[in-house]
Amino acid sequence: MVFAYNFNDMSSSKISSLQIPKRLLMGPGPSIVADSILEKMSKAPVGHLDPYFLSLMDEIKVMLREVFQTTNEFTFPISGTGSAGMEFCLVNLVEPQDTILVGINGLFGRRIADLALKLGAHVHTLEVGWGEAIEAEQLEQALKKVKPNLVALVHAETSTGICNPLEELAPIISKSGALFILDTVTSLGGCPVFIDRWSVDATFSATQKCIGAPPGLSPVSFSPKAMEKVAQRKTKIPSWYFDCSLLYGYWGSERSYHHTAPINNNYGLHEALRLILEEGLQKRWERHKNAHLQLKKALSELGLEFFTPENRRLWQLNAVRVPQDKDEAFLRKKLLDQYGIEIGPGLGPLKGKIWRIGLMAEGANQENVAKLLESLKQVLKS
Ligand SMILES: *Cc1c(COP(=O)(O)O)cnc(C)c1O
């Protein structure tokens, strides 16, 4: 295939220094980043094998375990976004002879199934509609039928605003004996996540949702059972960058060079995790819930309705129906141009039908929710 190189009309001499606009990020991520995180990230990088950086890596691992609620030794951030964390989990744990059951109720479950197919596994899906949750009975039946040795679920489906009921689903998977992979990209830091209590064997998250740091790192954790699965592999891990044994040589006690960790992103993650633990997990979850309740009350006063059923609704990602007579994209653009506020559009089958309002990390406070609501009111009136 030949690609035409397209030099458009822009001449480099016209490019000036960036004047980055100020935005209030109230969409599906990235979320608003606290000043103290930005301040740490603006410092000059130290070397990635500098003793200072090595101790910073150790502190990140300790804090991540607490945020994930796990004692898993193998817990650290992958250099890359949430999708890199997904790729890391699957390339290490999925082999062609494996049978994997993937729960799909939105965009991100589909992604996991696509990657498992690329890895040559026998892929079965448990699919429900966009806007529905995966329920215990459905999972139980699918497990009986498919008998997978791996199960993958998305905790917080950012494309639809649905929270899959992990308190009910996790024990069923655990009982089946299958290895359990869980996407905690949007849930971690925004609502209860219990990696050990739910017997999750592999999880991946991301820094730019409820952790509240810029995109660029993907915290992951493997249980001893997952490590065992890797040790028992019959085929080679089909990746170099994401090979868990090589990566652990770097993030574990050996400290051998693998790649150059993005130093400044790790400064940011360290500060973000410190802020989370200083606030306290319970308090932080409650803050996200309260922001959601504040939004819910005001939306009903504006005559707007949720797309999602109340008992499966996420706090940190609110899927709201666009009024029938309104042009979704036009109003969203107005919100950005006139008020500097970003909210998200619907994806796939929900395009044009919903807005996705993210109340993540710094976005989940009364003042920011009030700003959004006031601006939304003005835009809807116009
Ligand atoms: C955002 C998101 C991802 C992908 O993360 P990136 O950082 O965009 O690569 C995966 N899963 C869920 C649930 C997400 O919300």
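Quick caveat, the model's predicted, so the values are computed rather than measured. (Residues numbered from 1 in each chain as written. Predicted model: local features only at pLDDT ≥ 70, side-chain atom pairs only at ≥ 80, totals over all residues. Heavy atoms only, no water.)

Colleague: Residues and numbers for the overall build of the protein chain, please.
Modeller: Broken down by element type, the protein chain carries 12 helices and 14 strands. Here the protein chain has a C-alpha radius of gyration of 21 Å; the compact-globule value for 382 residues is 21 Å, and the two agree. Once the C-alpha set of the protein chain is aligned to its principal axes, its extents read approximately 60 × 55 × 55 Å. Counting every position in the protein chain, which comprises 382 residues, the buried fraction comes to 56%. A separation threshold of at least 6 residues defines the contact pool for the protein chain, and within that pool the share at least 24 residues apart is 72%. (Helix = DSSP H or I, 4+ residues; strand = E, 2+ residues; numbered from the N terminus. Rg over C-alpha atoms; globule rule 2.2 N^0.38 Å. Buried < 20%, exposed > 50% of the residue type's maximum accessible area, 1.4 Å probe, protein only. Contact = heavy atoms within 4.5 Å.)

Colleague: Give a detailed account of the domain arrangement of the protein chain, specifying residues and quantitative values.
Modeller: Under the domain assignment, the protein chain is made up of domain 1 (24-31 + 280-381) and domain 2 (36-277). Taking the mean C-alpha position of each, domain 1 and domain 2 sit 26 Å from one another. With 26 residues of domain 1 in contact, the opposing surface of domain 2 contributes 34 residues. When domain 1 packs against domain 2, the two sides together hide about 2,300 Å² of surface, and 64% of this comes from carbon and sulfur. At the boundary of domain 1 with domain 2, the tally comes to 2 salt bridges. The residue R312 makes a salt bridge to E135 at a minimum N-O spacing of 2.9 Å. Between the two partners, domain 1 and domain 2, sit 12 residue pairs in polar contact (both at pLDDT 80 or more). (Domains from an automatic or database assignment. Buried area = accessible area lost by both parts, 1.4 Å probe. Salt bridge = Lys/Arg side-chain N within 4 Å of Asp/Glu carboxyl O. Polar contact = N/O pair within 3.5 Å; in protein donor to acceptor, adjacent residues only side chain to side chain.)

Colleague: Break down helix 5 (residues 136-146) for me, with residues and values.
Modeller: Taken as a whole, helix 5 has its buried residues at A136, L139, A142, L143 and V146. The buried residues of helix 5 occupy one face: seen down the axis, they fall within an arc of 130 degrees. Turned more than 90 degrees away from the buried face of helix 5 sit E137, Q141, K144 and K145, all of them exposed. Close packing links the buried residues of helix 5 with strand 3 (99-104), strand 4 (122-127), strand 5 (150-154) and helix 6 (166-176). (Arc of directions from axis to C-beta.)

Colleague: Kindly report on the packing of aromatic side chains, identifying the contributing residues and their values.
Modeller: Following the criterion strictly, the structure yields 12 aromatic pairs and no others. Taken together, a centroid distance of 6.0 Å and an interplanar angle of 75 degrees make the contact between F76 and F88 edge-to-face. Residue F76 is found in strand 2 (residues 74-79), and its partner F88 is found in helix 3 (residues 82-93); the two are separated by 12 residues along the sequence. Residues F76 and F88 agree in their burial class; the two are buried. Both rings, one in F76 and one in W251, keep their centres 5.8 Å apart while their planes meet at 20 degrees; by these two values the pair is stacked. Separated by 175 residues along the polypeptide, F76 in strand 2 and W251 in helix 8 (residues 244-251) bring together distant segments of the chain. The same class applies to F76 as to W251, namely buried. In this structure, R197 is placed above the aromatic ring of F194, and the distance from its NZ or CZ to the ring centre is 4.1 Å. (Phe/Tyr/Trp six-rings, centres within 6.5 Å; stacked < 30°, edge-to-face > 60°. Lys NZ or Arg CZ within 6 Å of the ring centre and 35° of its normal.)

Colleague: Describe the pattern of salt bridges, with residues and values.
Modeller: Taken as a whole and judged by the stated rule, the model has 20 salt bridges. With a shortest N-O distance of 2.9 Å, K229 and D98 are connected by a salt bridge. A residue pair is termed long-range when its members are at least 10 positions apart, and K229 in helix 7 (residues 224-231) and D98 in the loop between helix 3 and strand 3 qualify at 131 residues. A relative accessible area of 16% means that K229 is categorised as buried. Through salt bridges with shared partners, one network takes in E39, K40 and K43.

Colleague: Can you break down the nonpolar core residue by residue, with the values?
Modeller: Membership of the largest hydrophobic core comes to 91 residues, with the highest contact counts inside it found for F76, F88, L90, I181 and F222. In terms of residue count, the dominant contributor to this core is helix 2 (residues 51-68) (9 residues). When residues no more than four places from it in sequence are discounted, the contact partners of F88 are F74, F76, I78, V220, F222, F242, C244 and L247. By size, the runner-up hydrophobic cluster in this structure holds 26 residues, among which are L24, L304, V322 and L376. (Core = buried A, V, L, I, M, F, W, Y, C linked by side-chain atoms within 4.5 Å.)

Colleague: Go over the site of the ligand, please, and point to the residues and values.
Modeller: The environment of the ligand is formed by 13 residues, the closest being T81, S83, T158, D183 and K209. Take T81: an N or O atom from its side chain is 2.7 Å from an oxygen atom of the ligand. G82 is positioned such that a nitrogen or oxygen atom in its backbone is 2.9 Å from an oxygen atom of the ligand. Protein contact buries 88% of the 380 Å² of open area that the ligand shows by itself. (Near = heavy atom within 4 Å. Areas by Shrake-Rupley, 256 points an atom, 1.4 Å probe, with all protein chains shown as cover.)

Colleague: Describe helix 4 (residues 107-118), and please don't skip the residues or the numbers.
Modeller: Taking 1.5 Å of rise per residue, 12 residues should cover 16 Å, and helix 4 covers 17 Å from first to last C-alpha, within 8% of that figure. At the C-terminal side of helix 4, G120 shows a positive phi close to 85 degrees. (Expected span 1.5 Å × (residues − 1).)

Colleague: Could you give an account of the UniProt feature "domain: Aminotransferase class V" (unreviewed entry) in the protein chain, with specific residues and numbers?
Modeller: What UniProt calls "domain: Aminotransferase class V" (unreviewed entry) maps, in this numbering, to residues 47-346. In residues 47-346, helix accounts for 43% and strand for 17%; the two terminal C-alpha atoms are 42 Å from one another. (UniProt positions renumbered as here; feature names shortened; annotations may be inferred.)

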